[in-house]
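The lines below spell out each chain.
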Amino acid sequence: MEYAVETFSLTKIFSDWWGRDKVYAVDDLNLQIQYNEVFGLLGPNGSGKTTALKVLLGLLYPTKGKALCLGGDAANPKISARIGFMPEESYLYRYLNARETLDFYGRLFGLPSKVRKMRIEVLLDMVGLKAVANRPIGTFSKGMARRIALAQALINDPDLLMLDEPTTGLDPIGTRQIKDLILELAKRGKTVLLCSHLLADVEDVCDRIAILYGGKIQSEGKVKELLRQTNKMQITTGHLSDTAIGKIKQIVNSEQADCVITSPMDKLEAFFVRTITTAQQLSLPTSGAVSTTQIGHFLAPQTHPESLLDKLVSTPVSRQGLSKPPTTKQVVRPEPAESKPDERLLGKLTEQTPPAESKPVDKTKPVEPKAPQKEQIKKSILDQLTDRSSTQNDNKQQSDKPQTGDPGNA
Amino acid sequence: MRSIWAVATNTFKQAVRMKIAAVFIILLIVLLPTMAVSMTGDGTLKGKLQTFVSYGFSLTSLLLSLLTIIVSVYSLTSDINQRQIYTVLTKPIRRFQFLFGKLLGIILLDVVLLVLFSTLIYAIIIYIPKFQKAGPAELAQANNEFFTARAGLTPPEVDVTQEVIDTYNRLAETDQLPPDIIENKTSREDYIEALTHNIKLGKRAVAVGHDLAWEFKNIKPLEPGQSLFIRFKYNVSVNPPDLQIISKWFAGDDRQVKYGANVQTPIYTFDRKDLIRTFHEIEVPADAVAEDGYLAVGFFNVPLNDTVVIFPTEDGLEVLYKADTFYANFLRAVLLILFRLIFLACLGILASTFLSFPVAILLSLAIFFIGTISGFCLESFDFLSRNLSSVYSYTVRPIVQLLPQFDKFSPTKFLVSARLLSWSLLAKVVFYLICIKAALLWLAALLIFRYKEIAKVIV
């Protein structure tokens with residue numbers, strides 16, 4: 001079986017000047033990332049995430065072991081033509097303007113000028129920098145440069161996208177956009193490898209994660225499985241009358257369980273995005289980035305990734321719900337934030353564990369209505385667990401009209 | 001190919017927009033016209049032209065060389081330091097293509113700047129005579145001795161090997177060898193070398209009342225009717241009181257005299273009085289040359305002189321004739337600079353594949369300056385290591401030989417003396433400087449860069 005990214009006991013040792021082994025940056029790493037998977041490589045600072053990525057990309061050579069991208073060596077132009085890479089900081093030529101920068105990278109891919117021009121405009125639009133496209137990158141803020149770095153990684157319509165700390169330096173809208181984008185790309189059949197220590201981002205988008213510490217994988221698995229608290233249940237609904245609440249409590253009590261019912265708090269992220277969107281609709285002037293929510297249409301047309309993949313890959317990743325139409329507006333995100341074992345693990349590995357409340361973020365702006373994390377409602381009926389894809393569909397729909405689906409306010 | 005070109009144009013933009021090139025451009029644009037106005041040379045039109053072309057060309061060549069070194073080193077090291085290279089090398093471009101793109105960009109920059117400045121210099125040179133309001137005599141001199149490309153023929157060297165051996169044997173038989181040799185203080189080779197030198201000099205020395213003649217073949221002037229020039233310099237055994245030598249010169253086809261045939265082409269004679277140890281030129285009408293390109297030149301040491309006259313071995317006597325136009329020569333001189341710049345670009349790129357910016361600059365500059373005094377360096381190495389001959393000739397010498405020899409093929413030298421810089425000489429330079437030396441540097445750069453770990457050690 002072929003993987004999009006595969007490493008075989010990959011080891012990278014940095015030696016000192018005398019050739020003595022100094023640091024095991026990556027130690028016997030065995031990664032297998034399937035096609036069409038969103039994979040998160042987590043870990044505290046210095047845990048070897050970026051080193052692993054650089055070895056994968058051929059910027060560093062492994063001390064031992066082997067790394068394959070899309071079934072080959074990333075140094076091979078045929079392979080690298082299908083990879084998009086966004087480094088941990090925006091390493092761009094300061095003297096080029098945004099448009100020239102994208103043009104430069106487009107030409108590195110050998111794209112014909114017509115295609116290049118079209119994609120550049122689309123990408124500039126997508127990352128919200130069309131208005132400043134003729135300003136040198138050197139005058140950009142960090143977040144704006146970050147957006148160009150993202151656009152640069154997408155210009156070849158990559159099959160495999162490697163993002164190193166994609167959301168650092170971005171404002172909440174940019175962060176949200178990147179997360180939406182990742183989900184959208186995944187839906188379109190791309191594989192995404194994400195390095196981050198911002199756990200909220202990873203949790204929102206990744207199918208599978210591996211947590212790295214000291215260059216070794218400490219824990220690996222599907223996000224949902226790793227985080228699910230099987231002893232708790234959560235129900236999300238629209239507004240309920242007091243009688244309905246009373247009934248629910250009765251049902252719960254009859255099961256010898258306790259429950260608390262409150263209105264969920266809006267997420268700050270959602271609130272922020274809403275505020276800015278309103279301002280943008282009023283066309284207030286800004287010299288910064290203008291965010292749009294469009295995705296570049298050239299990025300793999302939205303066919304059905306499942307069926308497409310079925311043809312291409314013998315054993316495609318199952319993305320549940322992809323084929324399912326977005327029937328419901330209400331998404332239940334299965335992962336409650338307070339899972340104890342999980343928190344313990346995270347807390348051990350990273351200082352910045354976002355405890356309890358963080359998780360249930362929806363990637364898109366408006367979405368948040370449901371998923372109140374404090375609310376635990378035991379409901380035996382919740383068999384149709386959550387699936388990410390329905391969230392995505394939902395989000396996408398809503399992102400066009402951000403204001404609508406906000407029951408938290410309603 | 002498209003990706004190589006992308007890197008090349010990006011490198012070009014980098015040099016221009018980071019204002020590295022701007023400093024040099026402004027400096028040259030200001031300095032060249034200033035020099036044209038302020039330099040006067042020896043006061044004649046020719047002198048002014050020579051001075052301007054000498055300084056203008058040297059300055060342009062020097063500044064562009066420095067610029068090339070700086071740009072080539074900066075371009076690669078800054079990409080590595082500021083890590084733009086991460087996003088470039090992860091694109092479908094091979095590392096050798098990336099390096100080649102860099103080189104191409106630098107060459108592109110050099111070509112653009114060279115075209116700009118050589119046009120400027122050429123325009124100034126063409127306009128100087130008009131602004132100068134020079135008289136017809138000065139104009140003629142400038143035309144004959146500056147606005148031309150003259151080939152120089154030196155008399156063929158006489159093979160004196162047999163004579164040296166005979167002399168040595170005779171001295172040995174008659175016990176007249178110097179005592180140093182007999183006592184082995186001086187080696188036999190050294191003595192023979194000295195002897196050879198003496199005998200050769202003897203072939204070019206003319207005693208009082210004697211004459212000396214040289215034969216030249218294959219003289220092919222560019223256009224019929226162009227004058228030839230005999231260029232000479234006297235050395236003497238005893239300085240004459242006024243430091244002048246009185247002489248009689250002949251030029252023409254002397255074969256017709258020898259064999260008693262009718263004189264077909266005129267034989268010219270010149271009576272002259274010239275300062276010693278300086279170069280002089282005698283203009284000879286073109287019809288002195290026989291149809292088959294033969295010309296004999298004779299010198300008679302008039303008895304009025306009281307000294308032996310010696311023509312120095314290297315440049316004591318030459319026949320010069322116009323073999324090409326000034327324009328073509330100028331073009332080739334510019335090309336010569338371009339090849340030098342290409343070499344330096346390869347050098348700078350090689351240095352920056354394994355050194356940081358300041359060190360790479362230092363190394364490249366050191367090699368550049370050694371290259372400009374390569375003659376001196378080679379000689380001193382040869383001299384200092386005479387006693388270690390075999391060790392030296394298999395270790396240091398090949399390396400020293402690999403250094404560029406910018407001074408040996410200085411374009412200024414050719415333009416100032418209006419010497420023909422022939423295509424064949426240019427081809428020779430290309431072969432040694434580009435095909436061998438620059439190619440070796442380039443291979444080394446590719447090899448180092450191929451196996452270099454691009455990313456910094458960050459854990």
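Conventions used here
Residues numbered from 1 in each chain as written. Chains lettered and ligands numbered in written order. Predicted model: local features only at pLDDT ≥ 70, side-chain atom pairs only at ≥ 80, totals over all residues. Helix = DSSP H or I, 4+ residues; strand = E, 2+ residues; numbered from the N terminus. Buried ≥ 20, exposed ≤ 12 C-beta atoms within 10 Å, placed from the backbone. Contact = placed C-beta atoms within 7 Å. Nonpolar A, V, L, I, M, F, W, Y, C, P; charged D, E, K, R; others polar. Axes fitted to C-alpha atoms, helices over the stretch in contact; angles between N-to-C directions. Parallel < 35°, antiparallel > 145°, perpendicular 65-115°, else oblique. Left-handed = near helix turned anticlockwise from the far one by under 90°. Domains from an automatic or database assignment. Core = buried A, V, L, I, M, F, W, Y, C linked by C-beta atoms within 7 Å. Pairing = 2+ DSSP bridges. pLDDT = per-residue confidence, 0-100.

### With respect to the overall build of chain A
Helices and strands together make up the secondary structure of chain A, namely 13 helices and 10 strands. By the burial criterion, 48% of the 410 residues in chain A qualify as buried. Long-range pairs, those at least 24 residues apart, make up 78% of the contacts in chain A with a sequence separation of at least 6.

### A closer look at the overall build of chain B
Looking only at helices and strands, one finds 17 helices and 11 strands in chain B. With the principal axes as the frame, chain B shows a C-alpha extent of 90 × 65 × 40 Å. A burial count over chain B gives 32% of its 459 residues as buried. For chain B, long-range pairs separated by at least 24 residues make up 84% of all intrachain contacts whose partners lie at least 6 apart in sequence.

### Some remarks on unusual backbone geometry
Residues and elements named next belong to chain B. You will see that Arg83, though not glycine, has its phi angle at about 70°, which is positive. As for its placement among the helices and strands, Arg83 is situated in the loop between helix H3 (45-81) and helix H4 (84-89). A positive phi is found at Arg277, a non-glycine position, where the angle reads about 60°. Residue position: Arg277 is located in the loop between strand S7 (268-275) and strand S8 (279-284).

### Thoughts on the interface of chain B and chain A
Where interface size is quoted, it is often the accessible area lost as the parts come together. Facing 26 residues of chain B, the contacting portion of chain A comprises 30 residues. Elements with a contribution of two residues or more to the side of chain B that touches chain A: helix H1 (2-17) and H4 of chain B. The element that contributes the greatest number of residues to the side of chain B that touches chain A is H1(B), accounting for 7 residues. Its residues assigned to classes, the side of chain B that touches chain A shows 12 nonpolar, 7 polar and 7 charged.

### Here's the deal with the packing of H3(B) against helix H12 (residues 357-372) of chain B
All names here are of chain B. Close contact between H3 and H12 brings their axes to 10 Å; oriented N to C, the two are set at 150°. For the element pair H3 / H12, the angle class is roughly antiparallel. Regarding H3 and H12, the two cross each other, and that crossing is right-handed. Here H3 contributes Ser65, Ile69, Ile70, Val73, Tyr74 and Thr77 to the contact with H12, which in turn contributes Phe357, Ala360, Ile361, Ser364, Leu365 and Phe368. The residue makeup of the contact of H3 with H12, split by class, is 9 nonpolar, 3 polar and no charged.

### Digging into the domain arrangement of chain B
Looking at the assigned domains, one finds that chain B contains domain 1 (2-148 + 325-451) and domain 2 (206-323). Taken over C-alpha atoms, the centre of domain 1 of chain B sits 38 Å from the centre of domain 2 of chain B.

### A short note on the nonpolar core
Counting residues in each nonpolar core, the largest one holds 176 residues, and the members touching the most others are Leu123(A), Ile148(A), Ala151(A), Val192(A), Leu194(A) and Cys346(B). The dominant element in this core, judged by the number of residues it contributes, is helix H11 (residues 326-354) of chain B, at 15 residues. Shared between two domains, this core holds at least three residues of each, these being domain 1 (2-148 + 325-451) and domain 2 (206-323) of chain B. Cys346(B) has contacts with Leu103(B), Ala438(B), Leu441(B), Trp442(B) and Ala445(B), leaving out every residue within four places of it along the chain.

### Quick notes on the sheet that holds strand S9 (residues 295-301) of chain B
All names here are of chain B. If you trace the 4 strands from one edge of the open sheet to the other, you get S3-S9-S6-S7, paired in antiparallel fashion. Strands at the two margins of the open sheet, each flanked by one partner only, are strand S3 (211-216) and S7. On average, each strand axis in the sheet is tilted by 20° relative to the strand beside it, whichever way the strands run. In the sheet, strand S6 (residues 244-252) pairs with S9 via 6 bridges, with the strands oriented antiparallel. Within S9, the residue paired with Ser247 across the bridge is Asn301.

### Quick notes on the sheet that holds strand S6 (residues 83-86) of chain A
Residues and elements named next belong to chain A. Taking strand neighbours across the sheet as the criterion, the 6 strands line up as S6-S7-S8-S4-S9-S10 in an open arrangement whose pairing is mixed. Both outer strands of the open sheet, S6 and strand S10 (216-222), are each paired with one neighbouring strand and no more. This sheet shows a mean twist of 15° between the axes of neighbouring strands, independent of strand direction. When strand S7 (residues 160-164) meets strand S8 (residues 191-196), the two strands line up parallel, connected through 5 bridges. Its bridge partner lying in S8, Met162 is registered against Leu193. Most of the contacts of helix H1 (residues 49-57) go to S7, to which it runs at about 145°, and overall it touches strand S4 (38-42), S6, S7, S8 and strand S9 (208-213).

### Side note on the packing of helix H2 (residues 20-38) of chain B against H3(B)
Residues and elements named next belong to chain B. Between H2 and H3, the shortest axis-to-axis distance is 10 Å and the interhelical angle comes to 175°. When the axis of H2 is compared with that of H3, the two are roughly antiparallel. For the pair H2 and H3, contact is made by Ile20, Ala21, Phe24, Leu27, Leu28, Leu31, Leu32, Met35 and Ala36 and by Phe52, Tyr55, Gly56, Leu59, Thr60, Leu63, Leu67, Ile70, Val71 and Tyr74, respectively. Among the residues forming the contact of H2 with H3, the class breakdown is 17 nonpolar, 2 polar and no charged.

### Overview of the confidence of the model for chain A
As a note on interpretation, predicted positions should not be read in detail where pLDDT is low. In the predicted model, chain A carries a mean pLDDT of 73, and 70% of its residues have values of at least 70. Counting interchain partners and residues more than four positions distant, the pLDDT-below-50 stretch residues 303-410 of chain A has 214 contacts.

### Section: the environment of Phe339(B)
All names here are of chain B. Topologically, Phe339 is positioned in helix H11. With 19 C-beta atoms packed within 10 Å, Phe339 lands in the partly exposed category. Phe339 sits 90 residues away from Val429 along the chain, and the two C-alpha atoms are 8.2 Å apart. Among all residues touching Phe339, those that are not within four sequence positions of it are Val429, Val430, Leu433 and Ile434.

### Examining the confidence of the model for chain B
All names here are of chain B. With 95% of its residues at a pLDDT of 70 or more, chain B shows a mean pLDDT of 86. Across chain B, H11 holds the top mean pLDDT of 94, while helix H8 (residues 179-182) sits lowest at 69. Two summary scores accompany this predicted model of the complex, namely pTM at 0.76 and ipTM at 0.78.

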